[in-house]
Amino acid sequence: MTYLDHAATTPLRASAREAWLAAAEEVGNPSSLHAAGRRARAIVEDARERIAAALGADAPEVILTSGGTEADNLAIKGLHWGRLAQEPSRRDVVVSAVEHHAVLDPARWLAERGDADLVELPVDPTGRVEAAALAATVGPATSLVSVMWANNEVGAVQPVADVVEAARVHGVPVHADAVQAVAYLDVHLHRSGLDAMTVSAHKVGGPVGVGALLARRGLPLVPLAHGGGQQRSVRSGTLDAPGAAAFAAALDEAVAERAAESARLERLRARLAEALRAHVPEATLSGPADSAHRLPGIVHLVVPGARAESVLFLLDAAGIAASSGSACTAGVVQSSHVAMAMGWSADDAACTVRLSLGRTSTEEDVAAVVAALPDAVARARAASGR
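What counts and what doesn't
- Residues numbered from 1 in each chain as written.
- Predicted model: local features only at pLDDT ≥ 70, side-chain atom pairs only at ≥ 80, totals over all residues.
- Heavy atoms only, no water.
- 1 Å grid on protein atoms, 1.4 Å probe; cavity = no way out; pocket = protein on both sides within 12 Å on 5 of 7 lines; lining within 4 Å.
- Points joined across faces, edges and corners; volume = space filled by probe spheres on them.
- Helix = DSSP H or I, 4+ residues; strand = E, 2+ residues; numbered from the N terminus.
- Pairing = 2+ DSSP bridges.
- Axes fitted to C-alpha atoms, helices over the stretch in contact; angles between N-to-C directions.
- Contact = heavy atoms within 4.5 Å.
- Nonpolar A, V, L, I, M, F, W, Y, C, P; charged D, E, K, R; others polar.
- Salt bridge = Lys/Arg side-chain N within 4 Å of Asp/Glu carboxyl O.
- Parallel < 35°, antiparallel > 145°, perpendicular 65-115°, else oblique.
- Left-handed = near helix turned anticlockwise from the far one by under 90°.

Draft legend 1. Up close: the layout of surface pockets. Taken as a whole, the second largest pocket holds about 230 Å³ of empty space. If one sorts the elements of the lining of the second largest pocket by residue count, helix 3 (residues 68–86) sits on top with 3 residues.

Draft legend 2. Region of the structure containing the sheet that holds strand 4 (residues 117–121). One open sheet accounts for 7 strands, arranged 2-8-7-6-5-3-4; its pairing is mixed. The outermost strands of the open sheet, each flanked by one partner alone, are strand 2 (62–65) and strand 4. Ignoring which end each strand starts from, the neighbouring axes of this sheet average 20° apart. The sheet contact formed by strand 7 (residues 196–200) and strand 8 (residues 211–215) spans 5 bridges and is antiparallel. What sits directly across from Ala196, in strand 8, is Ala215. Relative to strand 6 (residues 174–177), helix 6 (residues 160–168) is tilted by about 160°, and along the sheet it contacts strand 5 (142–146) and strand 6.

Draft legend 3. Structural detail: empty space enclosed by the protein. A complete count under the given rule lists 2 cavities of 30 Å³ or more for this structure. Together, 22 residues line the largest cavity, and Thr10, Ala183, Tyr184, Lys203 and Gly358 are the ones closest to its centre. Partitioned by chemical class, the residues of the lining of the largest cavity number 9 nonpolar, 7 polar and 6 charged.

Draft legend 4. Local environment of the pattern of salt bridges. Scanning the model with the defined rule gives 23 salt bridges in all. As a salt-bridge pair, Asp58 and Arg217 come within 2.7 Å of each other at their nearest N and O atoms. With Asp58 in the loop between helix 2 (35–55) and strand 2 and Arg217 in the loop between strand 8 and helix 8 (241–256), the pair connects residues that are 159 residues apart, well separated along the chain. Here Arg113 and Asp115 are joined by a salt bridge, their closest N and O atoms 2.5 Å apart. Through salt bridges with shared partners, a single network forms among Arg13, Glu253 and Glu257.

Draft legend 5. Summary view of the packing of helix 1 (residues 14–24) against helix 8. At their nearest, the axes of helix 1 and helix 8 sit 8 Å apart, and the two run at 155° to each other. Here helix 1 lies roughly antiparallel to helix 8, going by the angle between them. Remark: the crossing between helix 1 and helix 8 carries right-handed chirality. When helix 1 is examined against helix 8, the residues Ser15, Ala16, Ala19, Trp20, Ala23 and Ala24 are found in contact with a partner set consisting of Ala241, Pro242, Gly243, Ala245, Ala246, Ala249, Ala250 and Glu253. Here the residues of the contact of helix 1 with helix 8 are counted per class, giving 11 nonpolar, 2 polar and 1 charged.

See the structure below:
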């Protein structure tokens, strides 16, 4: 198989597997006071410190979760409810129109039940938030701002510094979903000025089902679930010591190789993009052209007339795993909300293909997809009468 869906999940690292197995040999609840519990707690706290060090935070700021979706929900719902309790006039939740559904859906849910007034920031045709629009939107009625560090579909890197600057004028906390960014960009909580940040283990070679919300101390977070009061009384539940250890191991490795891997993937991406322009002229490469404004491993195509589900089925039959965008929509291919926010029609937004490279990607993978994609596109367009 030619695997070109690393933005959805990337293979488990050997270091993460070994860390999980070693921690799983220990017996004990990290909240227990006996020796076995203390050993389990030590594993968790060591992992927490390593995660914090890798991401520019302090260990108590790392709230371990079941993944990015839970962390995003805690950030959006928990922070908004906390802010609303402090200042009832701050009802506006501001998010970008290209956020992952893990941010968009809880924000929309708050608005639908009358807990918040939602503002979805527009983006330019490359998928980036416009600083002027943001500055004009944030004000004394704003509860929080959430703008993802890097987009999971088109790879657009958002102007995080500009977002933080605009929000600070009005004393508004800022959250960023950094799930896609961590493996390739200099993600650092304190230097960025962010108040909260979401990360996920399986995007950096850790196990599925582990993530974290990095939240500055003093941030008013209302818990989504109540129980034993673990983790600052914000996220109750028995701590997953093996998962935390595996996350820390994968993250250490991903950060250590980040600069070299980003440069390697940028070279592979450039060759892939050039070949696709030559062999699939019907396709438009979307997202920022400037490498400083996009992730190094994502090639996003809009191919009018070639429905995504048809193209992906044909690529899969040729042994190539790709995606139409976010994989977190119950396996259903829909018109991409990201593409539509960038100005594409609903019909064209249903004709997107995302090829995402990762640490196992090779020149052979690029050659394989370049050989298979033209025929897949031609057959998909023929089936639709284009």
